[in-house]
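Listed here are the chains, written in short residue letters.
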Amino acid sequence: YESALFDEPTVRRIGAHLRTLLTELGSEADRPLSELSVLTESERRQVLTEWNSTTDQAPDATLPDLFEAQVAATPQATAVHCGDQTLSYAELNERANRLARLLVSRGVGAEQTVALSLPRAPELVVAALAVLKSGAAYVPVDPNYPAERAEFIVRDARPVCVLTTSAATLVSEARIDLDAADTIDALNAMSGADLTTAERKSPLRKENVAYIIHTSGSTGRPKGVMVEHRNMVNLMHWAASEIGPRRLGNVLAATSLNFDVSVFEIFAPLMVGGGIELVRDLLALSERRGKSWRGSLISGVPSVFAHVLDAPDLDLGADLVVLAGEALPAGVADAAHTAVPGCQVANIYGPTEATVYATAWYSDGRVDQAPPIGRPLTNVQVYVLDSTLRPVPVGVCGELYIAGAGVARGYLGRPGLTADRFVANPFGPRGSRMYRTGDVVRWLADGNVHYVGRVDAQVKIRGFRIEPGEIETRLRQHPHVAETVVVAREDSPGRKRLVAYLVPASHGTTVTSAGLRDFLAARLPEYMVPSAFVVLDEFTLSPNGKLDRTALPRPDWGEAATGAYVEPRTETEAAVARIWAAVLGVERVGIEDSFFDLGGDSIQSMQITSRINAAFVVNLTPRDVLVARTVSALAGLIEEEILRELESLALADSGSGTDDAGDR
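Here we look at helix α15 (residues 571–584)
Here's step 1: With 14 residues, α15 should cover 20 Å at 1.5 Å per step; its first-to-last C-alpha distance of 20 Å lies within 8% of that length.
Here's step 2: In terms of residue burial, α15 counts as a mostly covered element, since 10 of its 14 residues are buried.

What about the pattern of salt bridges?
Here's step 1: Under the counting rule described, the total for this entry stands at 30 salt bridges.
Here's step 2: Residues E50 and R45 are paired through a salt bridge, measuring 3.6 Å at the closest nitrogen-oxygen approach.
Here's step 3: For E50, a relative accessible area of 44% corresponds to the partly exposed category.
Here's step 4: Relative accessible area serves as the criterion here: at 44%, R45 is assigned to the partly exposed category.

A word on the pairing of strand β23 (residues 449–454)
Here's step 1: Summarising the sheet, strand β22 (residues 433–443) and β23 pair through 5 bridges and their orientation is antiparallel. From the neighbouring strand, D439 faces β23, where its bridge partner is R454.
Here's step 2: Here β22 hands over to β23 after 5 residues, with G447 in that stretch at a positive phi of 95°.

Thoughts on the sheet that holds strand β12 (residues 297–300)
Here's step 1: Taken together, 9 strands build an open sheet; the order of strands is β2-β1-β10-β9-β12-β14-β15-β16-β17 and the sheet is mixed. With one partner strand each, in any of the chains shown, β2 (85–88) and β17 (375–376) form the two edges of the open sheet.
Here's step 2: Of the strand pairs in this sheet, strand β14 (residues 320–324) and strand β15 (residues 344–349) are connected by 5 bridges, and their pairing is parallel. Residue pairing across strands places L323 opposite N347, the latter belonging to β15.
Here's step 3: Relative to the sheet, helix α4 (residues 89–105) contacts β1 (78–82) and β2, its axis offset from that of β2 by approximately 85°.

Section: the packing of aromatic side chains
Here's step 1: A full pass over the atoms with the stated rule returns 14 aromatic pairs.
Here's step 2: Both rings, one in W238 and one in F264, keep their centres 6.3 Å apart while their planes meet at 45°; by these two values the pair is tilted. Separated by 26 residues along the polypeptide, W238 in helix α8 (residues 229–247) and F264 in helix α9 (residues 261–270) bring together distant segments of the chain. Of the two residues examined, W238 and F264, each falls in the buried class.
Here's step 3: On the numbers, 5.1 Å between centres and 45° between planes, the contact of F422 with Y435 is tilted. Residue F422 is located in strand β21 (residues 422–424), and its partner Y435 is located in strand β22; the two are separated by 13 residues in the primary sequence.
Here's step 4: The exposure class of Y435 is buried, given its relative accessible area of 3%.
Here's step 5: Ring-pair connections join several aromatic residues into one group, and the members of that group are Y138, Y211 and F267.
Here's step 6: Above the plane of the ring of F519 lies R523, whose end atom (NZ or CZ) is 3.8 Å from the centre.
Here's step 7: In this structure, R588 is placed above the aromatic ring of Y565, and the distance from its NZ or CZ to the ring centre is 3.7 Å.

Things to note about a nonpolar patch on the surface
Here's step 1: Together, Y1, L5, F6 and I14 give the surface a local cluster of nonpolar side chains, amounting to about 460 Å² of exposed area.
Here's step 2: Counting through the fold element by element, I14 comes out in helix α1 (residues 8–27).
Here's step 3: Looking at I14, the relative accessible area reads 45%, which means it is partly exposed.

Looking at the sheet that holds strand β26 (residues 481–492)
Here's step 1: Overall, mixed pairing links the 3 strands, which are arranged β26-β27-β28 in an open sheet. Sheet topology places β26 and β28 (532–535) at the edges, where each strand pairs with a single neighbour. Pairs of neighbouring strands in the sheet enclose a mean axial angle of 25°, with direction left out of account.
Here's step 2: Sheet topology places β26 next to strand β27 (residues 495–504); 9 bridges connect them, and they run antiparallel. Bridging across to β27, V481 finds its partner in P504.

Scoring rules and cut-offs
- Residues numbered from 1 in each chain as written.
- Predicted model: local features only at pLDDT ≥ 70, side-chain atom pairs only at ≥ 80, totals over all residues.
- Heavy atoms only, no water.
- Helix = DSSP H or I, 4+ residues; strand = E, 2+ residues; numbered from the N terminus.
- Expected span 1.5 Å × (residues − 1).
- Buried < 20%, exposed > 50% of the residue type's maximum accessible area, 1.4 Å probe, protein only.
- Salt bridge = Lys/Arg side-chain N within 4 Å of Asp/Glu carboxyl O.
- Pairing = 2+ DSSP bridges.
- Contact = heavy atoms within 4.5 Å.
- Axes fitted to C-alpha atoms, helices over the stretch in contact; angles between N-to-C directions.
- Phe/Tyr/Trp six-rings, centres within 6.5 Å; stacked < 30°, edge-to-face > 60°.
- Lys NZ or Arg CZ within 6 Å of the ring centre and 35° of its normal.
- Patch = residues over 30% accessible without salt bridge, like charges linked within 9 Å, V, L, I, M, F, W, Y side chains within 5 Å.
- Areas by Shrake-Rupley, 256 points an atom, 1.4 Å probe, with all protein chains shown as cover.

Right, dumping it as C-alpha cells:
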C-alpha cells in the first residue's frame, strides 16, 4: 500500500472489509448487492454500541424543579449581572414567580406558548423563567427582526400573550408591556413564592414543551422546533457532570435567545449555582473599559470569536472556551489558546432539533488541524449511516443521525416535515426516534466524529442556520426577479458570505442591489440578507440541464470604487469613516460610499457597531449599519441619539432642581 496515503491500521481494516464482503458473496450469492455489508461484527458493535455507551441517570424533573432547588441552596449568590444591575438567586426567583402568576391569571398553561420580544437585560432571564414556571413554552422573537418576520413567528406560535416593552414595535393584541405602570402594579400584587401544582392550569410534566425556536426553512417558511423539559434537563445534567459547577461559575451570556446556544449559556449556570453576565453580543467584549473580562466560561460562534480575538489590547480570562454553531477552523481553536492563556477549548456540535448540543471534543493545547466534533454527550447516541440507514465503517463518509434524550418533539404544526426528519430508530428501544441532521461526517479511529459537510445547500452564518431556499423564495417575490440562486462563498479564508445571483424578469429591467437589500431586509433577519447581488443575463447550465454552480462569477467585493470620494464634513463623520476603514480593510472611506459596495457583511456590521458604541457611548445595533449604509447617514443616527440623551438628562436635572446637566 502507499504509505504516504495510508497507515497500517487503516489498510488492515480495509482488508477485513474485503474479506467480509467476499465471504458474504460466496455464501449468500442470491442477496442483492445493496444488502451486503463490509462491517465485521466487532466493528458494528463498536460504532453502534461501544462508542455510544453514554447512559447516565438524569434527574426526573422539570427545569423549574432544578432551578428552585438551586435557589434553596444558594439564595444570596449572584445569578444575573448586566451592566449595573445584579440579581441574586432569591431575587430572580421571586420576580419570575410574580410574572409566572400573572401569566397564569391570563390563561397561560402547559402546551401553550408565550412570545418573548425583550432587550438583553435581566428582565429577559426573568421572563424566560416565568414562562417555564407557568407551564408554557417560551418563543423568542428578536426585537431587531423585521416586522414581517416577527409577525410570522407570532402567527405560527399563536402565543397566549407577548411579553415585551413599551418601546417595541411588534403589533399584537395580546402584548404585555413589562415596563407599563399597570403591569408593574399587577406584578407587585402577586406572591413571590414558588408556584404550586394546584395554582397552574394543569400539572407541569417533563414531557411538556419548554421552548420553541424558529429556524430557516427551505420552502421559505421558518419552522419552529419544539423542545421539551426532559430534553433541557438532560442537557443540564450533562453540563453539570462534564463541564462542572466551577467552570459554570461565571459565564458570559452573549447569544441571542433566537439561537439555541442561549439555552446553554443562560440555564446551565443557573442549575448549579453559577452566575451569568448578560451582554449585547460577543463583540461587546471589545467595548469594555480596559477591554478585559475574567470569568469561567466564554461561549461563541467561531467566526464571531475570531473577530473578537482581532480586537487590540483585549485581555480575556476563562477556564473554558466553548466554540459551537459552525465548523471550527484549526486556526481559531489555536488562537483561542493563545488569547485566553491556560484555557481548555471545546468544539461542541449540535442542531436545534437535538437540544443545543449532541457531541463534544476538548483541547488543552496547540491545534494544528481541523478538530473533530467529538463524542456523544450523556444519554445521546450518534450514528453514521448510508442511504439505506446502515452503519458505515470508520473513515467512510455517511449522514449523521442523532438519537437519545436530546431529540426534540418535532416541528410546530408541521407533521409531514417532522415525519421526514425525525425517523424511527432501528438501533434503539421500540418506539424511539432519531433525528436526520443532513450533516456528512465520518468516524475517526479513536471514536471521535469528524464533520465533512452537508448533503444539501444549508449553510451557517454566525452560527445561525440558513436555508438558501428561503432567501430564494423571497427574492422570487420581487416583481423584477425571474430566477435566482443563493450560495455561500468563501472567497477569503474563514469569511463565508451569502451571494444572490439573479436573472431579471425582462430584458432591460434595471435591478439595483440597494433595492433588493431593502426588499429582503423588510422580510428577513439581517444575517440572511446577502452581502452581494450579481445580475446575470442567464444561468449557465451543465450538460444534464442543471445549474452549473462552478460558472457563477466571483462578486466584486468592494474592490472597485463606486463613485467620487466625498470627505467627512464633521468630527462625527470623520470618526465613523476611520472605524469603517479599519474594519473593512480599505485605505479611506467617503461619507457617501455604500457599506455593501465596500464589501461589508453582517459580521463587519457587528464590529462597526461595537466600535461606534464604545467610541460615542451610544447603543446602535448592527441593523442600524445595514439600514443606514453610508457614513453620513450613520453619523446622523449617532448625533440624533446623543441629542436625545442630552435632552433627557436636561429634563431630569430640571425636574430634580440640580444644575449639573452640563457636566453630565
